[in-house]
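Results of the structural survey
Each chain, letter by letter, is given below.
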Amino acid sequence: MNRRPSWLAIREPLSPRKATALKLASFLLPLLIWSIVSYVPFIWHPMILITSAGDSDLFVKGERFTRELFASENVGLVKDGLKPGEGYRVNPVFLPAPHEVLKAFFVAFKTPPYSKGDPWLHQSLWHSIQIIMWGFFSSAILGVPMGILAGTFDAFSKLFEPFIDFIRYMPAPAFGALCVALLGIDDGPKIAIIWIGTFFQMVLVVANTTRLLDVGLLEAAQTLGASRRRLVINVILPGILPNLYNDMRILLGWAWTYLIVAELIGASSGISWFINQQGKHFHFDNVFAGIMMIGIIGLICDQFLALFSTYLFPWLPNRRGTSMMTVVAGAFLFFPQRYLWQRGRDKAAKRAERQSSGSIAAKPASVATKPFPASIHEASAGGAIADVSIT
Amino acid sequence: MSQSLELPSYLEKEPAVEDRFRRIYQRPVVLDVAGLGKTFHAANGVVEALRDIHFKVHRREFICVIGPSGCGKSTLIRILAGLDYPTSGAVKLDGHEVSGPGPDRGMVFQNYTLFPWLTVKRNVMFGPRMKGHQYRVSEAEARKWIKMVGLDRFENSYPNQLSGGMKQRVAIARTLANQPRIVLMDEPFGALDAQTRAQMQAYLQQIWLNVDVTILFITHDLDEAIYLADRIVVLDAHPGRIAEIIEVPLPQPRTPEDFISPKFLATRKRLDTLIHPPKMNDEDRLPMVKMTEPGDDVI
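Residues numbered from 1 in each chain as written. Chains lettered and ligands numbered in written order. Predicted model: local features only at pLDDT ≥ 70, side-chain atom pairs only at ≥ 80, totals over all residues. Heavy atoms only, no water.

1. Description of the side chain of A:T210
Residues and elements named next belong to chain A. With respect to the element layout, T210 can be found in helix 7 (residues 187–211). Within polar-contact distance, the side chain of T210 engages the backbone oxygen of V206 at 2.7 Å. In this structure T210 touches G147, I148, G151, T152, I236 and I240, once residues within four positions along its chain are discounted. (Helix = DSSP H or I, 4+ residues; strand = E, 2+ residues; numbered from the N terminus. Polar contact = N/O pair within 3.5 Å; in protein donor to acceptor, adjacent residues only side chain to side chain. Contact = heavy atoms within 4.5 Å.)

2. A few points about helix 5 (residues 164–176) of chain B
With 13 residues, helix 5 of chain B extends 18 Å between its outermost C-alpha atoms, agreeing within 8% with the 18 Å of an ideal straight helix rising 1.5 Å per residue. Along helix 5 of chain B, eleven of the 13 residues are buried, which leaves the element largely enclosed by surrounding structure. Buried within helix 5 of chain B are the following residues: B:G165, B:M166, B:Q168, B:R169, B:V170, B:A171, B:I172, B:A173, B:R174, B:T175 and B:L176. Residues of helix 5 of chain B that are buried in the fold lie against helix 8 (215–223) of chain A together with strand 6 (105–108), helix 3 (120–130), helix 4 (135–148), strand 7 (182–186) and helix 6 (194–210) of chain B. (Expected span 1.5 Å × (residues − 1). Buried < 20%, exposed > 50% of the residue type's maximum accessible area, 1.4 Å probe, protein only.)

3. Notes on the packing of aromatic side chains
Both the distance between ring centres and the angle between the ring planes are used here to describe each pair of aromatic rings. The full count for this structure, using the stated rule, is 24 aromatic pairs over all chains. When the ring of A:W195 is compared with that of A:F200, the centres are 6.0 Å apart and the planes differ by 80°; the resulting orientation is edge-to-face. Among the aromatic residues, those joined into a cluster by ring pairs are A:Y245, A:F313, A:W315 and B:Y158. Lying over the aromatic face of A:W7, A:K18 brings its terminal NZ or CZ to 4.8 Å of the ring centre. One residue, B:R174, lies across the ring of B:F115, its end atom 4.9 Å from the ring centre. (Phe/Tyr/Trp six-rings, centres within 6.5 Å; stacked < 30°, edge-to-face > 60°. Lys NZ or Arg CZ within 6 Å of the ring centre and 35° of its normal.)

4. Some details on the interface of chain B and chain A
Quoted interface sizes are often the accessible area lost when the parts come together. Taken together, the 23 residues of chain B in the interface contact 19 residues of chain A. Summed over both partners, the interface of chain B with chain A buries about 1,800 Å², with 69% contributed by carbon and sulfur atoms. Of all residues in chain B, the largest losses of buried area upon contact with chain A belong to B:W117, B:F126 and B:M130, amounting jointly to 35% of the total for that side. Our count for the contact surface shared by chain B and chain A stands at one salt bridge. A:E219 serves as the salt-bridge partner of B:R78, at 2.8 Å between the closest nitrogen and oxygen. Here chain B is connected to chain A by three residue pairs in polar contact (both at pLDDT 80 or more). The class makeup of the residues in the side of chain B that touches chain A is 13 nonpolar, seven polar and three charged. (Buried area = accessible area lost by both parts, 1.4 Å probe. Salt bridge = Lys/Arg side-chain N within 4 Å of Asp/Glu carboxyl O. Nonpolar A, V, L, I, M, F, W, Y, C, P; charged D, E, K, R; others polar.)

5. Section: the confidence of the model for chain A
Low-pLDDT stretches of the model should not have their predicted coordinates read in fine detail. Residue and element names in this part refer to chain A. Put simply, chain A has an average pLDDT of 81, and 80% of its residues get 70 or more. Segment residues 334–340 is flagged for pLDDT under 50; beyond a separation of four residues in sequence, or across chains, it makes three contacts in the model. Note on residues 359–391: pLDDT is under 50 here. Beyond four places in sequence and across chains, it has 37 contacts. (pLDDT = per-residue confidence, 0-100.)

6. A look at the packing of helix 5 (residues 154–168) of chain A against helix 7 of chain A
All names here are of chain A. Helix 7 packs onto helix 5 with a crossing angle of 135° between their chain directions and a minimal axis gap of 9 Å. Taken together, helix 5 and helix 7 sit at an angle that is classed as oblique. In terms of crossing hand, the pair formed by helix 5 and helix 7 is left-handed. Facing S157, E161, I164, D165, I167 and R168 of helix 5, the residues of helix 7 in contact are F200, Q201, V203, L204, A207 and R211. Looking at the contact of helix 5 with helix 7 residue by residue, the class counts come to six nonpolar, two polar and four charged. (Axes fitted to C-alpha atoms, helices over the stretch in contact; angles between N-to-C directions. Parallel < 35°, antiparallel > 145°, perpendicular 65-115°, else oblique. Left-handed = near helix turned anticlockwise from the far one by under 90°.)

7. Here's the deal with the nonpolar core
Inside soluble globular proteins, nonpolar side chains tend to come together where they are buried. Counting 73 residues, the largest nonpolar core has A:V235, B:F115 and B:F126 as the members making the most contacts within it. In this structure B:F126 touches A:A221, A:L224, A:A226, A:N234, A:V235, B:F115 and B:L118, once residues within four positions along its chain are discounted. If you look at the next biggest cluster of nonpolar residues, it comprises 51 residues, including B:I66, B:Y112, B:M185 and B:I232. (Core = buried A, V, L, I, M, F, W, Y, C linked by side-chain atoms within 4.5 Å.)

8. Remarks on helix 4 (residues 121–152) of chain A
In this model, helix 4 of chain A (32 residues) spans 45 Å end to end at C-alpha, consistent with the 46 Å of a helix rising 1.5 Å per residue. By the largest-angle criterion, A:A140 marks the main kink of helix 4 of chain A, which is about 30°. (Bend = angle between axes of the 7 residues up to and from the residue.)

Here you go:
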């Protein structure tokens with residue numbers, strides 16, 4: 001009589017606990033696999049990191065060699081009666097361990113750039129975000145009205161869509177050279193690439209969303225006396241708004257994918273410049289950190305917009321279960337806070353204990369926060385951020 | 001229904017009912033449907049949906065249109081609402097030919113078509129606002145009609161928080177708030193369960209008795225048509241044309257007891273023969289093979 005809910009019930013929602021567990025697992029499982037590959041030596045570890053070169057003139061301390069090369073070189077050395085090289089098994093340099101990436105995540109913000117005048121990481125990130133926003137908003141300002149017009153009036157649909165369908169198949173990066181020739185090498189072509197990558201899709205997606213609006217609502221409004229202008233303003237616009245909002249969320253994700261190509265055009269800049277730069281210097285922990293930063297910014301942005309939509313559109317039926325945002329927020333905010341709170345209580349308890357035991361030496365409790373390195377602020381004064389403008 | 005039951009003719013009326021129809025026909029004509037025809041160009045040639053539809057609706061009359069599926073009921077009401085165009089004939093409202101949709105002909109749809117982003121109050125205010133009335137005026141107007149359909153506790157709810165019957169009551173209030181000359185209803189209770197449907201029929205009857213409103217109501221439910229209508233326009237299919245216009249021989253207002261009165265049953269029988277002809281074609285019969293064991297019969 002009491003049906004036990006199955007993990008694999010067809011087209012039925014899981015219980016909130018199971019759903020949350022799986023949402024966490026979807027992040028933890030890849031992390032687990034990564035950790036196993038990184039920390040368990042016999043899984044992969046195809047390289048040897050040299051700790052002592054011995055008498056070899058091939059080995060260099062601190063460099064990685066394949067196990068085969070290491071073994072054959074050492075066999076030769078031993079045969080000749082020379083001192084063999086020493087080292088331990090490691091993964092290739094392009095696969096850093098999770099803790100290294102985690103460290104890089106925080107250290108990367110504090111590490112000064114290789115050459116003076118180059119942007120710091122936070123400046124690169126901010127620059128990228130500005131490029132995205134300019135590109136995306138300039139395409140939305142034109143693309144959304146055009147899409148709504150095309151979805152509402154067949155005349156505009158026939159006028160816009162055939163040509164847009166044609167351009168849509170041209171990959172945005174293919175316009176790179178043209179954009180540089182037209183707009184120079186700074187931010188202009190980068191914004192243009194994002195514009196080209198999102199605008200044409202946007203018109204078609206918005207037109208389609210507009211066409212999906214229930215015709216019954218338009219007919220009802222007409223029998224209630226709505227004029228053509230009123231139909232567009234009072235029925236079509238509010239009617240498509242939730243779906244339009246979702247479209248924008250998805251297209252913003254596309255803008256991020258075009259960003260990486262866009263930033264390599266002309267004078268490279270932003271987060272992909274950072275990633276490339278770190279890759280050239282074999283700092284793959286920083287490369288991973290940079291890639292993940294994009295992912296995390298994207299995820300937080302997207303989940304924030306999703307959460308916000310429930311406040312924007314109160315008439316939509318509530319979705320069940322915890323949103324991804326709650327999980328992310330819980331992971332990032334709840335646990336450290338609780339930990340700090342717990343620590344604060346411990347401290348207070350200790351202080352009370354000390355005071356009651358008659359010791360006067362109790363120092364005023366102050367939260368030990370490390371001041372942010374002053375050098376970051378100095379560097380930003382150097383004008384490393386190029387002016388963002390559409391030229 | 002046993003065959004031996006002697007039913008009166010559906011054409012016979014009591015003097016009071018006879019007298020009522022005489023008074024109805026003296027009232028001004030609100031809607032005049034004159035020689036309406038509609039043909040579609042489909043893939044397999046020209047399809048004639050409606051042919052030569054003639055009838056008049058008088059002020060404060062309740063008219064039902066019924067017919068078998070595919071008889072063009074919905075096409076007819078869409079043309080009357082101005083959402084579709086006839087290929088011949090004309091629709092006259094108060095003597096003036098109309099084309100295109102307008103607030104003078106309110107429409108209630110089967111699937112409610114409430115604006116999901118507006119609260120109940122804002123939905124009902126939509127018509128008055130479109131007329132250019134002030135917010136306060138529209139709000140007062142809307143409150144009046146929401147109260148009339150008994151939903152004043154829900155005026156700030158969104159449509160998706162309401163049940164089907166409540167949604168349809170909001171839709172009726174929204175149409176009435178516009179004070180149309182005629183309310184066109186396209187199978188408004190078709191999506192509701194039997195109990196809610198009976199309740200809605202009673203509500204609609206109450207509204208019709210107390211509000212100055214003329215109603216043209218489409219349904220495929222014969223009992224619903226007889227219970228509500230003064231006259232029933234029966235359509236025939238392929239092409240859609242008028243088979244008969246029946247004057248319901250029961251006094252208004254009807255009560256649930258009328259459902260088993262001899263006159264009701266006589267009308268019902270007449271509608272049955274008009275809509276479901278008694279003869280069954282061979283191709284309509286299912287090719288049944290006996291698949292049960294002997295001695296396992298249900299009868």
